[in-house]
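A look at the structure
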Amino acid sequence: MRQRRSYGRVVLVSTLVGNLEVALAVVVVLLYVRTQPPPDTPPDYPAIAAGLLSAWTLVALVAALLSAVFVLPAVALADLLGRRLGRQAPWWSAPLIVAALLAPPVFGFAAYNDVPVRPTLVFWAAAIASLSSGALIALPRRAGLLRRVALWGAAVVAGTGLLGALGLTAGLLPAYRPPAIGPETMTGTWIDHTGNTLDFTPDGRVTAFGVGGRSPNDYPGDPSPSCSGSGTWVYEAGWNVWTQKVRVDVPGCVWPAWSVGGTAREPRIQQRVGGPNSGKLYKLRKVSGGS
């Protein structure tokens, strides 16, 4: 049912759309993270979730401000254009008006701060898409619009998360898997974040130069957290890419077997450090030699 325009409802609907866009972006980012190698230190997801919840008030305020400054004038001017044309406001007018309203602050800020043209255009296009969606959704004059936007928006966000999780489980999305390496990949130099190295040779020999760099608390029984010396190494394929191991035996160095991480382009060998549940990884990356 067509009803009289409520510009207060326009701001509410646009603000809701902005919040749903942020929620959808969070879900997409979380799904993307599942396709990437894990970081050296695992994220504190409870703290991240608490931070997002506490920041949501700010998100809502920013969405309301942007809606009042850009979306509301766009809808009002679209209504004016519709009255001039003697019919309902054309849907395509709202994005054009939003683009025109955004241009002065975006390009003015970019010019003042010497921001390159390309990122400025990308930001302008993204802002137009985000705010135009709020304007287009708020443009119809229908009863119960706010409720329908809330229900459908929540369904889209939840559905994206559910479909993404199912895709990761079924293998339709490229969930992260360690690369399958072999003895030939191990040959060469592997380096940690501080420049310490392990040098592997094809005949099964290895030389360590200061490898470790860990706190003495990581291995209470090991008096030397950083280790140097020569020894031997063996690659174990395991049952799959998750169970492949590299065993390094250097006298005086107390190391568990190294697991495999990284990507096929940039392989890593790694081991857990810290307490039993710390989740922290100490990694070495391949830098030279081998295939």
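Refer to the structure printed above.
This part is about unusual backbone geometry. One non-glycine residue, D114, lies in the positive phi region at around 55°. Taking relative accessible area as the criterion, D114 reaches 67% and is therefore assigned exposed.

Before going further, it helps to spend a moment on the pattern of salt bridges. Once their charged atoms are close, side chains differing in charge can pair, the charge on each being opposite to the other. As enumerated under the stated definition, the model contains two salt bridges in all. Across the pair R268 and E266 runs a salt bridge whose closest N-O atoms are separated by 3.8 Å. A relative accessible area of 45% places E266 in the partly exposed class.

Turning next to the state of the cysteines. For the structure on display, the rule yields one disulfide. At a sulfur-sulfur separation of 1.9 Å, the disulfide partner of C227 is C253. Judged by the sign of its S-S torsion, about -100°, the cystine formed by C227 and C253 is left-handed. Separated by 26 residues along the polypeptide, C227 in strand β4 (residues 227-236) and C253 in the loop between β5 (245-249) and β6 (258-262) bring together distant segments of the chain.

Attention now goes to the pairing of β5. The alternating pattern of β5 places V246 and V248 on a buried face and K245, R247 and D249 on a face that is not buried. Of the pairings in the sheet, the one linking β4 to β5 comprises five bridges and is antiparallel in character. In the strand pairing of β5, E236 is matched with K245. For β5 and β6, the ladder comprises two bridges, and the chain directions are antiparallel. Its bridge partner being in β6, K245 is matched across the sheet by S259.

On to helix α5 (residues 145-170), then. An ideal rise of 1.5 Å per residue puts 38 Å on 26 residues; α5 measures up with 36 Å between its terminal C-alpha atoms. Residues of α5 that are buried include every one of L145, V149, G153, V157, G164, G167 and L168, and no others. Buried residues along α5 sit in contact with α1 (7-33) and α4 (117-138). In the stretch just after α5, G171 is the one whose phi turns positive, near 85°.

Cut-offs used in this document
Residues numbered from 1 in each chain as written. Predicted model: local features only at pLDDT ≥ 70, side-chain atom pairs only at ≥ 80, totals over all residues. Heavy atoms only, no water. Buried < 20%, exposed > 50% of the residue type's maximum accessible area, 1.4 Å probe, protein only. Salt bridge = Lys/Arg side-chain N within 4 Å of Asp/Glu carboxyl O. Disulfide = S-S within 2.5 Å. Helix = DSSP H or I, 4+ residues; strand = E, 2+ residues; numbered from the N terminus. Pairing = 2+ DSSP bridges. Expected span 1.5 Å × (residues − 1). Contact = heavy atoms within 4.5 Å.

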